[in-house]
Amino acid sequence: MIDFFTFVREQSDKLLDQTITHISLTFISLLLALLIGVPLGILIAGRPRLASGVLGVAGVLQTVPSVALLGFLIPLLGIGVGPALVALFLYALLPIIRNTYVGIQEVSPAVRDAARGIGMTDRQILFSVELPLALPVLFAGIRTATVINVGVATLAAYVAAGGLGEFIFGGIALSNVNMILAGAIPAALLAVGFDLGLARLQRLPARRLRVGALVFVGLLPLLSGFYLLPSRSDKLVAGFAHEFYGRADGYPGLQQTYGLQIAPRLIDQNLMYEAIHRKQVDIISGYSTDGRIKAYDLVVLDDDRHAFPPYDAAPVVRQATLRRHPELEAVLNQLAGRLPDSVMTTLNYRADYRHESPESIARDFLKQNGLWKTPKPGDRSATIVLGSKVFTEQYILAEMYRQLIEGQTGLRVATRTGLGGTQICFDALRTGALDFYPEYTGTGLLVILQPPAAALRQLPMQSDSVYAFVKTGFAKQFDLTWLKPLGFGNSYCLMMRREQARALGIQTISDLVRYLQTS
Amino acid sequence: MIEVRNVTRQYGDQLVVNDVSFTVAKGETMVLLGTSGSGKTTTVRMINRMIDPSSGSIVVNGVDVRQQDGPTLRRSIGYVIQDAGLFPHYTVAENVATVPKLLGWDAADIRERTRELTDRLRLPPDVLNRYPAELSGGQRQRVGLARALAARPPVVLMDEPFGALDPFTRRHVRRELFGLNELRETTVVLVTHDVSEALELADRIVLMDQGRIVQMGRPDELLQRPANDFVREFLDEKPHRLL
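Computed from a prediction, not measured in an experiment: that's the story for all the values here. (Residues numbered from 1 in each chain as written. Chains lettered and ligands numbered in written order. Predicted model: local features only at pLDDT ≥ 70, side-chain atom pairs only at ≥ 80, totals over all residues.)

### Here's the deal with the overall build of chain B
To be explicit about the condition: Here a strand is any run of E in DSSP of at least two residues, a helix any run of H or I of at least four, and the numbering for each starts at the N terminus. Throughout, radius of gyration means the C-alpha value; the globule benchmark is 2.2 Å times the number of residues raised to the power 0.38. Counting other C-beta atoms within 10 Å of its own, a residue is labelled buried from 20 upward, exposed at 12 or fewer, and partly exposed in the gap between, with every C-beta atom placed from the backbone. Contact definition: two residues whose C-beta atoms, as placed from backbone geometry, lie within 7 Å.
Check the secondary structure of chain B and you find 11 helices and 10 strands. What you see for chain B is a C-alpha radius of gyration of 18 Å, in line with the 18 Å of a compact globule of 243 residues. Overall size of chain B, expressed as C-alpha extent along the three principal axes, is 55 × 45 × 30 Å. Taking all 243 residues of chain B together, 44% fall into the buried category. For chain B, the share of sequence-separated contacts (at least 6 apart) that also reach a separation of at least 24 residues comes to 68%.

Listed below in structure tokens is the structure:
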């Protein structure tokens, strides 16, 4: 609990900013829904057939799951405020149209008849009689729409539109309960607060309700206007994944090492690539061997001051296994250094975008490098169990090792691919359920060894020093051996579109920072 | 004051009002009497163009009603309906002031007229700032009448104005209202199915059945010289003698 308050205090700027964005998103969309929904409700009030059509369509929109709706809107509107507002607008529409319609329908026929009979025009009947009498019902609709929108607006963080969802999704990505609560509690308070406030307004006696409604409608653009406050405009727009934004070795590390100052838009991991491709953002965070780097023609900025810990891949093997099969080490090391970033990225691209099987990708690669041999026939009694994590490059690596071992030794290989996470792989390795799997030095350091902060500060965040550190640590603590690195590192990185980076002369993160600072 | 000439109103194949003609003199109270479905409400609603006739013509104050647009015409004709049809979101004062406001009277005149009417209709002065829901049925009906009379219309149309009141209150309110000078000078067309109400209030009665006028005349004429059995039975059968 104390942690929570500390977190809120430390992040109060961000929290305020997100809350304001959240309120703005809620009310801009509400305002749009009122502008469209009320006239539509009035229009269908006297036309039952049109009414069932319009209410039907609005009702169907209401049932579309919000994530699906956003997913549907992204190809049309890209990312950012656009799709978020449209989604919120569509959700607010039904309660507004329906309640305007119902409110007007419920005006007693005698009152309407009297209004006409004493000489009011249709317009006067609408504005002086029907709408004021429909107001409490309409207000109930506004209330519903507001509460729905406060809830749905959390999803705006998926598409880089900001709001309290940034903390919620960031917190989920980082398993940081305080961060989740820092987003969820204010969102809940907003919903409850607006609900109570509007309920109060709704219960006002007729005349004051009219005044209240006017005040409310007058306030709407103001509440919405927060969003339009001039925010610092960067020359380049960054879109970061929530996890990257929050993790100590992600954006905070960049700020510390390079003094990078940029107001990033937070966005779902998988939408990031789409966003940079459509030029809605210029810089994104990612992993350096992602196949999409090639697919979208991106360039990875060189981390020249080593802000990101290296995540160099290398096989981690049980020492007992190496003692039992001494020939194994040399075979596994045949891949050492043969897979630089660019090569691994291409292989990932072939799997993800050309849908080639890991098996054929691995065979092609081994053949090209003269490492492929036809397995010798014979009795294979001893078995090596090989594991992999659950993403593309690990599947490819597992396949390479299998073909390599079976081609060059008399061992049989059993693969256990798709193991959920680092902890599962590591535990399986320690207990002997696996003989080896490819791991990353940064993960070994930060997830497994978890050295004290002081030791970490003294360790230079460079490939060889981190490799040496984990090699020693794993040998000493766990009887596990790190064989030679494969050559690529799947570390955090910043990337840009190739042509833009070239045009601006940006190759390294230092270049980027320098470019942003010169005005 | 009001001339209804050969007026017919048709809905599809159905003749709701069939060739109806009558005139109402200035200051006269004409009662349209009949069972429900006799066409009396449709007839009265054609006078202020709430409904337009299929054929025939209606002249009010020397002017054919079709020469004016509906709202303008209706502002010059008072209109009272069952249970008053008061605006629930307006106070009594605002309800009464509706037509003068539509006509663009200035605020002082409206205030003066409202006070005058509440006085004459014997409404307690504190009622002005209350909402219709807070009034009794009889009070509501009086406010409804005050609203209809506010702009001093020469003609007032009333459609079952006392229909929602219990018999005792009905008689009471009715006597009281029709005792007013305010109404005596006004031409009134009143629709009712209540024979005793018709006999009590009418200068003349138009008795209607199935869209046609069966007989027209002073109450005593209808009572003493009914045109046919229908008239005799209609006037006889009604429980006015029980009252």
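Having seen it, we continue.
### As for the domain arrangement of chain A
Residue and element names in this part refer to chain A. Selection rule: Segment limits for the domains were obtained from an automatic or database-derived domain assignment. The classification used treats Ala, Val, Leu, Ile, Met, Phe, Trp, Tyr, Cys and Pro as nonpolar, Asp, Glu, Lys and Arg as charged, and all other residues, Gly among them, as polar.
What the domain assignment reports for chain A is domain 1 (2–228), domain 2 (238–308 + 494–518) and domain 3 (313–489). Between domain 2 and domain 3, the C-alpha centre-to-centre distance is 28 Å. Contact residues are listed per partner, giving 9 residues for domain 2 and 16 residues for domain 3. By residue class, the composition of the side of domain 2 that touches domain 3 is 2 nonpolar, 4 polar and 3 charged.

### A few points about the environment of Phe-488 of chain A
All names here are of chain A. Residue position: Phe-488 is located in the loop between β9 (480–482) and β10 (492–497). Remark: the alpha-carbon pair of Phe-488 and Ser-288, spanning 200 residues in sequence, is separated by 8.7 Å. Excluding residues that lie within four positions of it along the chain, Phe-488 makes contacts with Thr-289, Ala-313, Leu-339, Pro-340, Asp-341 and Met-344.

### Structural notes on the UniProt feature "transmembrane region" (unreviewed entry) in chain A
Our working rule: UniProt positions are given in the numbering used here, feature names are shortened, and annotations may be inferred rather than shown by experiment.
Sequence positions flagged by UniProt for "transmembrane region" (unreviewed entry) are, in local numbering, residues 20–43, 76–94, 133–159, 179–199 and 211–229 of chain A. Helix makes up 84% of residues 76–94 of chain A and strand 0%. Its end C-alpha atoms lie 22 Å apart.

### Points about the interface of chain B and chain A
Tallying the contact residues gives 16 residues for chain B and 14 residues for chain A. Looking at the side of chain B that touches chain A, the elements with two or more residues in it are α2 (70–75), β6 (77–81) and α4 (98–102) of chain B. A per-class count over the side of chain B that touches chain A returns 8 nonpolar, 4 polar and 4 charged.

### A word on the environment of Ser-76 of chain B
With respect to the secondary-structure elements, Ser-76 of chain B resides in the loop between α2 and β6. As for Ser-76 of chain B and Asn-48 of chain B, which are separated by 28 residues in sequence, their C-alpha atoms are 9.1 Å apart.

### Focus on the sheet that holds strand β1 (residues 238–240) of chain A
All names here are of chain A. Note the threshold: The criterion for strand pairing is that DSSP finds at least two bridges linking the strands in question.
A sheet is described by the order of its strands in space; here 5 strands give the open sequence β2-β1-β3-β10-β4, paired in mixed fashion. Looking at which strands have only one partner, the edges of the open sheet turn out to be β2 (265–266) and β4 (298–300). Across 2 bridges, the pairing between β1 and β2 is parallel. Among the inter-strand pairings, Phe-240 is bridged to a residue of β2, identified as Leu-266.

### Thoughts on the packing of helix α17 (residues 341–352) of chain A against helix α18 (residues 358–368) of chain A
Residues and elements named next belong to chain A. The condition that has to hold: Every axis corresponds to a line fitted to the C-alpha atoms, with the helix fit spanning only the stretch in contact, and the corresponding angles, defined between N-to-C directions, vary from 0 to 180 degrees. In this scheme, a crossing is called left-handed if the near helix is turned counterclockwise away from the far one by less than a right angle; it is called right-handed if the turn is clockwise.
Where α17 contacts α18, the axes come no closer than 10 Å and their chain directions differ by 145 degrees. Considering only the axes of α17 and α18, their crossing is right-handed. On α18, the residues that touch Leu-347, Arg-350 and Ala-351 of α17 are Pro-358, Ile-361 and Phe-365. The residue inventory of the contact of α17 with α18, partitioned by class, reads 5 nonpolar, no polar and 1 charged.

### Quick notes on the sheet that holds strand β9 (residues 204–209) of chain B
Residue and element names in this part refer to chain B. Ordered in space as β6-β7-β8-β3-β9-β10, the 6 strands form an open sheet in which the pairing is mixed. With partners counted over all chains shown, the strands left at the sheet margins are β6 and β10 (212–217), one partner each. The sheet shows a mean angle of 15 degrees between the axes of neighbouring strands, direction not considered. With 5 bridges joining them, β9 and β10 adopt antiparallel strand pairing. Within the sheet, the bridge partner assigned to Met-208 lies in β10 and is Ile-213. Helix α1 (residues 40–47) rests against β3 (29–34), β7 (155–159), β8 (187–192) and β9 of the sheet, and its axis sits at about 150 degrees to β8.

### Some remarks on the pairing of strand β4 (residues 55–60) of chain B
Residue and element names in this part refer to chain B. Of the strand pairs in this sheet, strand β1 (residues 2–11) and β4 are connected by 5 bridges, and their pairing is antiparallel. For Glu-3, the partnering residue across the bridge sits in β4 and is Val-59. Relative to strand β5 (residues 63–64), β4 runs antiparallel, the two being bridged by 2 bridges. Residue pairing across strands places Val-59 opposite Asp-64, the latter belonging to β5. Following β4, the chain reverses through 2 residues before pairing antiparallel with β5; Asn-61 in that reversal takes a positive phi of roughly 60 degrees.

### Some details on the packing of helix α7 (residues 122–152) of chain A against helix α9 (residues 177–202) of chain A
Residue and element names in this part refer to chain A. This is how the line gets drawn: Roughly parallel means an angle under 35 degrees; roughly antiparallel means over 145; roughly perpendicular covers 65 to 115; every other angle is labelled oblique.
Their axes nearest at 9 Å, the elements α7 and α9 cross at an angle of 175 degrees. It follows that α7 is roughly antiparallel to α9 by the angle criterion. Two secondary-structure elements touch here, α7 through Pro-136, Phe-139, Ala-140, Ile-142, Arg-143, Thr-146, Val-147, Val-150 and Gly-151 and α9 through Ala-187, Leu-190, Ala-191, Phe-194, Asp-195, Leu-198, Ala-199, Leu-201 and Gln-202. Here the contact of α7 with α9 is built from residues that sort into 13 nonpolar, 3 polar and 2 charged.

### Description of the UniProt feature "domain: ABC transmembrane type-1" (unreviewed entry) in chain A
Here the UniProt feature "domain: ABC transmembrane type-1" (unreviewed entry) sits at residues 19–198 of chain A. Measuring from the first to the last C-alpha atom of residues 19–198 of chain A gives 19 Å, for a span that is 84% helix and 0% strand.

### Observations concerning the confidence of the model for chain B
Worth spelling out the cut-off: You can read pLDDT as the predictor saying how much it trusts each residue, on a scale of 0 to 100.
Residues of chain B with pLDDT of at least 70 account for 97%, and the chain-wide mean is 88. Listed scores for the predicted complex are pTM 0.71 and ipTM 0.89.

### As for the environment of Thr-23 of chain B
Residues and elements named next belong to chain B. Note that Thr-23 resides in strand β2 (residues 14–24). Taking the C-alpha atoms as reference, Thr-23 lies 7.4 Å from Met-1; in sequence the two are 22 residues apart. Apart from the residues lying within four places of it in its own chain, the contact partners of Thr-23 are Ile-2 and Glu-3.

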